[in-house]
Amino acid sequence: MITFITRRVLYSIPVILVASFVLFWAVRATFDPLAKLRLAQDPTALAREVERLGLDRSIPEQYFLWLRSMVVGDWGTSTRTGTPVLPLIGEALWPTLQLAFWGLLIAILIAGGISVYSAVRRQYSLGDNLLTGASYLGIAMPAFWFGLILIQTFAVWPKEAFGLSEPPLYFIGLNSPGQTGMLDYIRHLILPVAALMIALVASWSRFGRAAMLDALSSDYVRTARAKGVPRRQVIWRHAVRNSLAPFVTVVALDAAILIGGLVVTEQIFAIPGMGRLFLQSLVAGDVFVLLPWMIVVAVAVVLCNLIADIAYAVLDPRVRLS
C-alpha cells in the first residue's frame, strides 16, 4: 500500500507542473498584468514593471521565474487591494474549506442513506418514486434560487412573523462580528451548507442507487444469498462495499470542483471565501490573484483525485496489485 501511495504521489507532481504551465500560458495570453499601468501613460514605470516581472522574456522563461517565486512564497501583490496575494488566498481558503467540508460530509451521509434505501426497498415503490422526484427537483433547482428561498423561509419570514429581534438562522458570513461561539457558528453555517449540498445529494443519490442496484444483481450477491448469508450482511458487507468504489470517484471529482465553484453560494451568503475572491478579482482584472487562485484549485483537483485513488485501492485490493 505504501508503494502504491508513493507512486501515485510521484505521478501527481508532473500533473501539477503541466497544469500550472497551461494555466500560466492561458492567463498570460488573455490578461495584461500591466493594463492599469498603461492607462497612466508612464513609460518609465511601465518599463520598470516589464523588467521586474520579466514580461520581455519568452513564456517558458516567465513561467520558471513565476514558479520560482511561488515556491519561495512570493505570490505577488494584488492590484485590487495592494496586499500580498499569499495571505489573501489563505484567508479566503479557510471559509471555503469549512463550507466544503460540512457540505460534503452531510451530503455523503444523506445521499448514501437514500441510495441504500431506494435500492434495497422494492424498486419503483412509492418511497422510491418520491425520492426520485425529489432528486430531479434538486438537480434542476438553481443554487442561487434555492439559497434565496432558504433565506426567506428560515431567516426573514420567522423574524417578521414572530417579531424576533434577530433571525433564527443567519445568512451573512460564518460568524457574527465579535462572536466565536459554536452556536453562532452553527446558525451561520446551516443555510449555506443546505444551499450547497442540495444538488450534490440529488445527483449522488441517483448515482449511488444505480451502483447499489448493480451490486445487488451481481453474481457474488446471488451466491452469498444462495449460501444462506443473512440479508443484512449481504447488503452491508457485499453490496454496499462494492458500490462504494464508483461512488467515491464521483464524490472526489465533485469535491475538487467544489473548492473553486462556490461562487454563487459564497456571494449569496456574503462568505469571504475562494469563490467570492475569484469573482472580485475577475471583475477588477486582478491577474496577480487570478493565476495563484487557479493554481490552488488545480492542486485541489489533483489532491482530491489522489485521495480517491487511495480510497479506491482500500476498497478494492485489485487496484493495488495492478
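Please read all numbers here as calculations on a predicted model, not as lab measurements.

Enquirer: Would you mind showing me how to read the overall build of the protein chain here?
Expert: Within the protein chain one finds 14 helices and 0 strands. Taken from the N to the C terminus, the helices and strands of the protein chain come in the order α-α-α-α-α-α-α-α-α-α-α-α-α-α. Here the C-alpha coordinates of the protein chain stretch approximately 85 × 65 × 35 Å along the principal axes. By residue count, 38% of the 322 residues in the protein chain fall in the buried class. Long-range pairs, those at least 24 residues apart, make up 69% of the contacts in the protein chain between residues at least 6 apart in sequence. Averaging the positions of the 26 positive and the 19 negative side-chain charges in the protein chain gives two centres separated by 14 Å.

Enquirer: Would you mind showing me how to read a nonpolar patch on the surface here?
Expert: Taken together, Phe-101, Trp-102, Leu-105, Ile-106, Leu-109 and Ile-110 make up a surface patch of nonpolar side chains, about 520 Å² in accessible area. Inspection of the secondary structure assignment puts Leu-105 in helix α5 (residues 85–120).

Enquirer: It is not clear to me how the nonpolar core should be interpreted in this structure. Could you clarify?
Expert: Most often, soluble globular proteins keep nonpolar side chains buried together rather than apart. Grouped together as the largest cluster of nonpolar side chains are 33 residues, with contacts concentrated most on Leu-99, Trp-204 and Leu-258. Those elements that provide at least two residues to this core are α5, α7 (143–161), α8 (182–216) and α10 (231–260). At 11 residues, α8 tops the list of elements feeding residues into this core. Residues contacting Leu-99, with those up to four places away along its chain left out, are Leu-189, Pro-192, Val-193, Leu-196, Leu-262, Thr-265, Glu-266 and Ile-271.

Enquirer: I tried to follow unusual backbone geometry on my own but got confused; where do I start?
Expert: Peptide bonds are, in most cases, trans, and in most cases residues other than glycine have a negative phi. At Ala-270, a position not held by glycine, the phi torsion is positive, near 50°. Within the element layout of this structure, Ala-270 appears in the loop between α11 (263–268) and α12 (274–284).

Enquirer: Looking at this model, I keep getting lost on the packing of aromatic side chains. Mind explaining?
Expert: Any pair of aromatic rings gets described here by the distance separating the centres and the angle formed by the planes. Here the structure, examined in full by the defined rule, presents 8 aromatic pairs. Both rings, one in Tyr-63 and one in Phe-64, keep their centres 5.5 Å apart while their planes meet at 65°; by these two values the pair is edge-to-face. Since its relative accessible area comes to 56%, Phe-64 is described here as exposed. Their ring planes at 75° and their centres at 5.0 Å tell us that Phe-101 and Trp-102 sit as a pair that is edge-to-face. The class of Phe-101 is partly exposed, set by a relative accessible area of 46%.

Definitions and limits used
Residues numbered from 1 in each chain as written. Predicted model: local features only at pLDDT ≥ 70, side-chain atom pairs only at ≥ 80, totals over all residues. Heavy atoms only, no water. Helix = DSSP H or I, 4+ residues; strand = E, 2+ residues; numbered from the N terminus. Buried < 20%, exposed > 50% of the residue type's maximum accessible area, 1.4 Å probe, protein only. Contact = heavy atoms within 4.5 Å. Lys, Arg positive; Asp, Glu negative; His and termini not counted. Charge placed at Lys NZ, Arg CZ, Asp CG, Glu CD. Patch = residues over 30% accessible without salt bridge, like charges linked within 9 Å, V, L, I, M, F, W, Y side chains within 5 Å. Areas by Shrake-Rupley, 256 points an atom, 1.4 Å probe, with all protein chains shown as cover. Salt bridge = Lys/Arg side-chain N within 4 Å of Asp/Glu carboxyl O. Core = buried A, V, L, I, M, F, W, Y, C linked by side-chain atoms within 4.5 Å. Phe/Tyr/Trp six-rings, centres within 6.5 Å; stacked < 30°, edge-to-face > 60°.

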